[in-house]
Amino acid sequence: IRNDITTFDIDINSRGGYMDDGLEFINYMTALKPHNITFNCYVDDMAMSMAFHILQYCSTRHVSKNAYFVHHHSIIITPDNTHHEIKQSYICKQNVCDIKYSIDLESTPAVKKIVLESVKDELKLNKEIAKIMNITLAEMYDMLEFGNLTLGIDDIVKYNLADFIY
């Protein structure tokens, strides 16, 4: 990055992407913020899955009144090109959650390791989203219990998921 660049304007219109790539981008943004780098993000249409998470790490979040967000449990694609949805159950007490997940019993140790790392990453992301939404982690998991959590403009405003609506 050139020294004279202090602001990035990012247009987000995405169905999401790979968790690893998204986390790398979030880590990059987080590392630059202490150096007075600003990320202004704009959503005209959709921020789904990992794009929803990236948006929440922006310095300012500008969202169209027609936009919507989608949040869901992770789906992991392992090196053997198989898809593993993280099926979770949980018990939460005082915002400390014991999360249990299941994967195919026939999965290799390498796949199990990837899934475990992804569960940890998802937990970190969900904690941050719950904090932004001013809800407990248990409430976040309740909202995700039946699959996708789709948020229209009323929910976006209610849960503080945007700084500016246009």
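Here we summarise the structure given alongside this text. Values in this document were obtained by computation on a predicted structure and should not be read as measured data.

Calculation rules
- Residues numbered from 1 in each chain as written.
- Predicted model: local features only at pLDDT ≥ 70, side-chain atom pairs only at ≥ 80, totals over all residues.
- Heavy atoms only, no water.
- Buried < 20%, exposed > 50% of the residue type's maximum accessible area, 1.4 Å probe, protein only.
- Helix = DSSP H or I, 4+ residues; strand = E, 2+ residues; numbered from the N terminus.
- Arc of directions from axis to C-beta.
- Expected span 1.5 Å × (residues − 1).
- Phe/Tyr/Trp six-rings, centres within 6.5 Å; stacked < 30°, edge-to-face > 60°.

**Looking at helix H4 (residues 137–144)**
Right, so step 1: Buried within H4 we find Leu-137, Ala-138, Met-140, Tyr-141 and Leu-144. The buried residues of H4 occupy an angular sector of 155° when projected down its axis, which confines them to one face.

**Brief notes about unusual backbone geometry**
Right, so step 1: At Asn-36, a position not held by glycine, the phi torsion is positive, near 60°.
Right, so step 2: Within the fold, Asn-36 resides in the loop between helix H1 (19–32) and strand S2 (38–48).
Right, so step 3: A positive phi angle is found at Ser-49, which is not glycine, with a value near 60°.
Right, so step 4: Here Ser-49 is to be found in the loop between S2 and helix H2 (50–56).
Right, so step 5: On the basis of relative accessibility, which here comes to 14%, the residue Ser-49 falls in the buried class.

**Quick look at helix H3 (residues 109–133)**
One full turn of an α-helix is made of 3.6 residues, so residues set three or four places apart face in the same direction.
Right, so step 1: Between the first and last C-alpha of H3 there are 36 Å, a value that for 25 residues agrees with the 36 Å anticipated at 1.5 Å per step.
Right, so step 2: Residues Val-111, Val-115, Ser-118, Val-119, Glu-122, Leu-125, Asn-126, Ile-129, Ala-130, Ile-132 and Met-133 constitute the buried set of H3.
Right, so step 3: Phi for Asn-134, located one or two positions after H3, is positive at around 60°.

**Some points on the packing of aromatic side chains**
Right, so step 1: Per the counting criterion, the structure on display carries two aromatic pairs.
Right, so step 2: Centroid distance Phe-8 to Phe-39: 5.4 Å. Interplanar angle 10°. Geometry classified as stacked. Of the two residues, Phe-8 sits in strand S1 (residues 7–14) while Phe-39 sits in strand S2, which places them 31 residues apart along the sequence.
Right, so step 3: Considering the side-chain rings of Phe-52 and Phe-69, the 5.6 Å spacing of their centres and the 50° angle between planes classify their relative orientation as tilted. With a gap of 17 residues between them, Phe-52 in helix H2 and Phe-69 in strand S4 (residues 68–71) connect regions that are remote in the sequence.
Right, so step 4: The exposure class assigned to Phe-52 is buried, which follows from its relative accessible area of 1%.
Right, so step 5: Looking at Phe-69, the relative accessible area reads 0%, which means it is buried.

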